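# Reading the structure
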Amino acid sequence: MTDLRELLVAEPGKVRLAEIDPRSTPGLKSNKRDAKDWSRAEVARITAKLGSYQEPLYAAAKKGAPDRILLLLQAMDCGGKDGTVRSVLTGSNPAGVKVVSFGPPTEEERAHDFLWRVERALPPPGYLGVFNRSHYEDVLVVRVHELVPPETWQERYEQINAFEAAQVASGLTVVKVMLHISKEEQAARLLARLADPTKFWKYNPGDLAERARWDDYQVAYEDAINRCSTPQAPWYVVPADRKWYRNWAVANLLLAAFEKVDPQYPVPDFDVAAERAKLAATI
Ligand code: AMP
Ligand code: MG
């Protein structure tokens with residue numbers, strides 16, 4: 001199979017979201033009639049594999065390895081961030097995972113630079129981190145709602161690139177994913193939320209005001225992706241109207257990150273045979 005990363009990676013300056021079909025399924029054979037069932041089975045296999053990579057990653061960090069992995073998710077409302085987190089972390093050990101969701105900054109956070117809370121939220125060495133929203137909100141919602149002057153958010157692309165480059169240089173592998181849904185799919189999902197009492201809590205009357213700014217958000221997303229997809233921290237645009245494709249694609253991208261890091265159990269810093277002999281003497 002072609003590397004999925006090549007199919008989904010955002011080429012800086014070249015991404016036009018309107019040209020990416022949110023219902024498409026890049027990398028899945030189009031003649032697969034059982035694509036849905038097949039991809040679900042694959043997700044189960046891949047997520048188990050992800051889980052098996054966690055322990056060596058953690059063990060290596062105990063001995064000083066700097067490696068840590070971050071899955072960063074951005075999407076319009078109802079884009080599937082929560083569902084993706086649930087799906088891709090299924091096989092993971094919660095003890096080695098750090099999931100952080102970003103809402104409007106608190107008073108304390110607003111007193112600092114926009115990257116302050118982000119740096120604190122990063123996974124420590126040995127951990128898998130997940131960002132549900134991120135510092136990109138500072139060039140998305142903040143731009144669309146003019147929460148800061150244009151000069152301020154315009155400078156942030158370079159600040160973000162410098163920040164991410166520094167983190168990558170110190171052991172972070174970051175997988176940045178935009179879950180790309182259509183406006184029609186968002187309507188369907190909002191309707192579903194309003195039809196199900198167990199989903200009311202996810203609905204926010206403000207979501208409709210955000211939906212009204214759909215086109216502004218698409219422009220802001222496009223700029224963020226085009227300006228901040230870098231060789232060391234590329235953006236991936238995942239068509240996300242079909243949840244089974246979305247889960248399959250994100251699981252694969254995360255697996256590729258673990259495979260690149262290829263965490264290894266550390267070599268013991270003691271003499272195993274000697275320890276065994278000493279133990280035997282006590283039995
Ligand atoms: P939810 O993900 O549905 O819990 O919503 C979180 C809300 O926080 C969204 O409406 C975001 O736009 C908002 N948010 C996240 N980061 C920021 C930020 N840096 N500035 C302002 N609003 C933000
Ligand atoms: Mg919401």
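Our structure's up above, just so we're on the same page.
An account of the accompanying structure is given in this report.

### Details of unusual backbone geometry
- One non-glycine residue, Cys78, lies in positive phi territory at about 70°.
- For Cys78, the position within the fold is in the loop between strand S1 (68-75) and helix H3 (81-88).
- Of note, the phi angle at Asp262 is positive, near 50°, even though the residue is not glycine.
- On the secondary structure map, Asp262 appears in the loop between helix H11 (243-261) and helix H12 (272-282).
- We classify Asp262 as partly exposed; its relative accessible area is 40%.

### With respect to the site of ligand 1
- Neighbouring ligand 1 are Phe102, Gly103, Pro104, Pro105, Arg117, Arg133, Glu137, Asp138, Val141 and Val142.
- Note that a nitrogen atom of ligand 1 is positioned 3.3 Å from one of the backbone N or O atoms of Gly103.
- Between an oxygen atom of ligand 1 and a main-chain N or O atom of Pro104, the distance comes to 3.4 Å.
- Protein chains bury 67% of the 500 Å² of accessible surface belonging to ligand 1 in isolation.
- Its residues placed into classes, the shell around ligand 1 shows five nonpolar, one polar and four charged.

### Details of the packing of aromatic side chains
- Tallied over the full model, the rule gives seven aromatic pairs.
- Ring plane angle 75° and centroid distance 5.8 Å describe the contact between Tyr58 and Tyr127, whose orientation is recorded as edge-to-face. With a gap of 69 residues between them, Tyr58 in helix H2 (residues 35-62) and Tyr127 in the loop between helix H5 (116-121) and strand S3 (128-132) connect regions that are remote in the sequence.
- On the basis of relative accessibility, which here comes to 34%, the residue Tyr58 falls in the partly exposed class.
- Ring centres 4.8 Å apart and planes at 75° place the aromatic pair Tyr136 and Trp235 in the edge-to-face group. Of the two residues, Tyr136 sits in the loop between S3 and helix H6 (141-144) while Trp235 sits in strand S5 (residues 235-239), which places them 99 residues apart along the sequence.
- The class for Tyr136 is buried, based on a relative accessible area of 0%.

Cut-off values and rules
- Residues numbered from 1 in each chain as written.
- Chains lettered and ligands numbered in written order.
- Predicted model: local features only at pLDDT ≥ 70, side-chain atom pairs only at ≥ 80, totals over all residues.
- Heavy atoms only, no water.
- Helix = DSSP H or I, 4+ residues; strand = E, 2+ residues; numbered from the N terminus.
- Buried < 20%, exposed > 50% of the residue type's maximum accessible area, 1.4 Å probe, protein only.
- Near = heavy atom within 4 Å.
- Polar contact = N/O pair within 3.5 Å; in protein donor to acceptor, adjacent residues only side chain to side chain.
- Areas by Shrake-Rupley, 256 points an atom, 1.4 Å probe, with all protein chains shown as cover.
- Nonpolar A, V, L, I, M, F, W, Y, C, P; charged D, E, K, R; others polar.
- Phe/Tyr/Trp six-rings, centres within 6.5 Å; stacked < 30°, edge-to-face > 60°.

Distances and angles like these do not, on their own, reveal function.
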